[in-house]
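Here are the chains, one letter per residue:
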Amino acid sequence: MKEFKKRKINNQSGAAMLIAIVFFLFISLAIISGLVSPSIREVANASTNLNSKKSYFLAESGTEDAIYRIKKSMTISESETITLNSNSVITTIITLPGNTKEVSSLGNVFGYQRKTKATLSTDIGVSFNYGVHAGEGGLQMDNNTRVIGNVYANGDIVGTSGGATITETAIVAGATGKIDAVSVNGDANAHFLEDITVGRNSFSASLLRGTVAGNAVSDSISSCTINGNATYDTQTSCTILGSQTTPNPTNYVDPSPVPFPISDAQITAWEQEAIAGGTISSQTYNSGSQTLGPKKINGNLTLNNTAELIMTGTIWVTGKVYFNNSSKVRLSPSYGNTSGVLLAGVKGSTSAGEIELNNSSFASGSGQPGSYLMFLSQRVGTSDAIDLENNITAGIAYAPYGTIEITNNNAGVKEATGWRVHLQNNSTITYESGLPDVNFTGGPSGAWSVQGWGESE
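Now for a quick tour of the structure. Because the structure is predicted, anything quoted here is derived from the model rather than measured.

A full pass over the atoms with the stated rule returns eight salt bridges. Measuring nitrogen to oxygen at the nearest pair gives 3.5 Å for the salt bridge that ties D264 to K347. Of this pair, D264 sits in helix α2 (residues 264–276) while K347 sits in the loop between β29 (340–344) and β30 (355–357), and the two are 83 residues apart along the sequence. Residue K347 is classed as exposed on the basis of its relative accessible area, which comes to 55%. The residue E432 makes a salt bridge to K414 at a minimum N-O spacing of 3.0 Å. Of the two residues, E432 sits in the loop between β37 (428–430) and β38 (438–441) while K414 sits in the loop between β35 (412–413) and β36 (415–423), which places them 18 residues apart along the sequence.

Below you can see the structure in the form of structure tokens.
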């Protein structure tokens, strides 16, 4: 009995030990599992992130390869597949209106996909910051002419008869520049101001005469009525309704000349773009609708009556451009929101390159906001480089070496830049808000630039 009891007690003790060991194992496994699971998840997450990054850089590689081929004018199809390290990237190229291409690449590494997209264009950005930008020849304004916008002139701004008005700021560069007989509804800044009406502020270091509705700052003022404040060194016979400050402020500096926004190199690039489309002789269209461009015309371009010309690329006319009697020229819808150029003349020529629109002729962009047609004349000298007459509607007139003549009866443009600009009776320049950021299609193949690049998915 004693032996039996002893054995029974020993068996029960072994069972308890076994149960304790099992519990210990379960607890140990739970602890180990708790410790190992986060590590396993971190390893899995690290693997996912690594594969995702590989997919992203794979997509970037596809995009970079396509952009390189496009910029170097190498052969490339609309869809390309590249395999790197046993993984593939599919690159798709879409051609959009306005000389724009969209390049998208989809990278795939073990089912993890990343997509990048880039936009390329051959656009050339040009900023037209003034309604009129005149060179040393200045701006002449005749009876009832208006510039609805700002004016910057490297020469004088002169009104020759009543009603000449600039609705915003007028600035004349240089120590001898003047604004004379013009109503300026914004600020006026010139070395010499005479017989003007200024809507807000005027600044001068020499002489101010006339009626100033706002403030005046000048070295010397005489025979004037100033409804606002006046700061001057000396004054004679002036009525000053606001406060007076003397002497003339010492920090006044004459404005410096501002260069024109388009370089000769860019004009040459547009000529080359036209040449790339082929060269033809003089063209005359008397009716109907014609499509042309890019093209070089070795001679003249003439549109009569109600003929319409649709430009599909840059046109360079070595002779004269003449649009008459309700004829129309406009950019093709393929330009989208970009702008186009019609050039005339040969660099350095004093005879070739005149552009003339008259009798209700009409010029426009593609119809999209921000699209303009620019007439660019290379004619040199005081003779008319661009002549716009009688109820015409145009976009941008640009004559860096000659005169822009806007003549009579409500002829008007959006912007005029020329060595000399002359507004005749009742003509108006109406500046538009989109002109500081005008994008022209330009440059032969290989001139592609990246406009945007980033991950799309």
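Right, picking up where we left off after that structure.
Turning our eyes to something else, we now look at the sheet that holds strand β23 (residues 289–292). Pairing within the open sheet is parallel, and its four strands lie in the order β23-β25-β28-β31. Taken across any chain shown, the strands that pair with only one partner, and hence form the sheet edges, are β23 and β31 (362–364). Mean inter-strand twist for the sheet, computed between neighbouring axes without regard to direction, equals 15°. Of the strand pairs in this sheet, strand β25 (residues 308–311) and strand β28 (residues 328–331) are connected by four bridges, and their pairing is parallel. Residue pairing across strands places L309 opposite V329, the latter belonging to β28.

This part is about α2. In a regular helix each residue adds 1.5 Å, so 13 residues correspond to 18 Å; α2 covers 19 Å between its end C-alpha atoms and thus fits that length. Taken together, the buried positions of α2 are occupied by Q266, I267, W270, E271, E273 and A274. Buried positions in α2, seen along its axis, are confined to an arc of 155° and lie on one side of it. Along α2, exposed side chains directed more than 90 degrees from the buried face belong to A265 and A276. The first or second residue beyond α2 is G278, which carries a positive phi of 105°.

So, on to the environment of S334. Mapped onto the elements, S334 comes out in the loop between β28 and β29. S334 gets classed as partly exposed once you look at its relative accessible area, which sits at 41%. Along the backbone, S334 and M311 are 23 residues apart, and their C-alpha atoms lie at a distance of 9.7 Å.

This part takes up the sheet that holds strand β3 (residues 100–109). If you walk across this open sheet you meet the five strands as β1-β2-β3-β4-β39, and the pairing is antiparallel. The outermost strands of the open sheet, each flanked by one partner alone, are β1 (79–84) and β39 (449–455). Adjacent strand axes in the sheet meet at a mean angle of 20°, parallel and antiparallel pairs treated alike. Bridge analysis of strand β4 (residues 112–121) against β39 gives six bridges, and the strand direction is antiparallel. Across the sheet, the residue bridging to A118 is W453, located in β39.

Reading the values: rules and limits
- Residues numbered from 1 in each chain as written.
- Predicted model: local features only at pLDDT ≥ 70, side-chain atom pairs only at ≥ 80, totals over all residues.
- Heavy atoms only, no water.
- Salt bridge = Lys/Arg side-chain N within 4 Å of Asp/Glu carboxyl O.
- Helix = DSSP H or I, 4+ residues; strand = E, 2+ residues; numbered from the N terminus.
- Buried < 20%, exposed > 50% of the residue type's maximum accessible area, 1.4 Å probe, protein only.
- Pairing = 2+ DSSP bridges.
- Axes fitted to C-alpha atoms, helices over the stretch in contact; angles between N-to-C directions.
- Expected span 1.5 Å × (residues − 1).
- Arc of directions from axis to C-beta.

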